[in-house]
Amino acid sequence: MKKQFQLMKNLSANFFNFLHKINKNLSLPTKKFIFEATFALIRSSSPIVSQLARNLPKQHSKFVSRLDRLEYNLRKPSNFDEQISNAIIGQVLPFIKDDTPIILDLSDLGKPLAKKMDYLATVRDGSTGELVNGYWLVEIYVSVSRKNPIPVLLEPFS
């Protein structure tokens, strides 16, 4: 039990430090949103906003207030996703040498029941082998060590 507690403490500290590094150039409300949304996403294991609002840490406000705050931050026009992507790449760059393998993976995200989603493309569903509606994904990993490739990019396109 002690080892499990220590492991969770170390993982939390490492994750907290990582979030601090990538949030450096963001405003204070945006930093707070990133911290809360990330922890809520991990706790709820669901990207549904109402589930995120239920799993926010330190729930001192009403559910509707938390839900409104999350929805507002998700809808407001900002470029914090670009800033975070650039910060992540900046964190990974020191590990990349001339002989570092870079792994490129083209994948797909099948949405067989989707009819009206924007920019749907025809993709091959890997589990069934059928052609279905969906999105293409490009994933880039940097292989710093054999056991732990570092994800650098996951981008859907059509």
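Look a little higher up for the structure.
All values derive from a computational prediction rather than experimental measurement.

1. Some remarks on the side chain of Thr 100
Next up, step 1: Turning to its location among the elements, Thr 100 is positioned in the loop between α5 (80-92) and β1 (102-110).
Next up, step 2: You can call Thr 100 buried: its relative accessible area is 15%.
Next up, step 3: A polar contact of 2.8 Å, which involves the side chain of Thr 100, links it to the backbone nitrogen of Lys 97.

2. Details of the environment of Glu 130
Next up, step 1: Among the secondary structure elements, Glu 130 is positioned in the loop between β2 (121-124) and β3 (131-143).
Next up, step 2: C-alpha separation for the pair Glu 130 and Pro 112, spaced 18 residues apart in sequence, amounts to 9.5 Å.
Next up, step 3: Leaving out residues up to four positions away in the same chain, Glu 130 has contacts with Val 123, Arg 124 and Asp 125.

3. A closer look at α5
Next up, step 1: If you check α5, its first and last C-alpha atoms are 18 Å apart, about what 13 residues at 1.5 Å a residue would give, namely 18 Å.
Next up, step 2: For α5, the full list of buried residues reads Phe 80, Ile 84, Ala 87 and Val 92. Taken down its axis, α5 places every buried residue within 135° of arc, on the same side. Away from the buried face of α5 by more than 90 degrees, exposed residues Glu 82 and Asn 86 are located.
Next up, step 3: Summarising the contacts, the buried residues of α5 are in contact with α1 (2-22), α2 (28-44), α4 (63-75), β3 and β4 (149-157).

How each quantity is defined
Within every chain, residues take consecutive numbers counted from 1 along the sequence as written. Reporting in this predicted model follows two pLDDT cut-offs: at least 70 for local features of residues, and 80 or more for side-chain atom pairs to be given and counted; totals over whole chains, interfaces and linings ignore these cut-offs and use all residues. Hydrogens and waters are ignored; side-chain quantities use all the structure's heavy atoms. Put simply, DSSP marks the helices as runs of H or I at least four residues long and the strands as runs of E at least two long, and each gets a number from the N terminus on. Partly exposed residues are those whose accessible area sits between 20% and 50% of the maximum for their type, while under 20% is buried and over 50% is exposed, using a 1.4 Å probe and protein chains only. For the purposes of these results, a polar contact is taken to be a pair of N or O atoms within 3.5 Å, where, inside protein, one atom must be able to donate a hydrogen and its partner to accept one; residues adjacent in sequence count only when each atom of the pair is a side-chain atom. Any two residues whose heavy atoms approach within 4.5 Å at even a single point are treated as in contact. Given a helix with a known number of residues, its expected span is that number minus one, times 1.5 Å. Think of it as the arc spanned by the lines of direction from the helix axis to the C-beta atoms.

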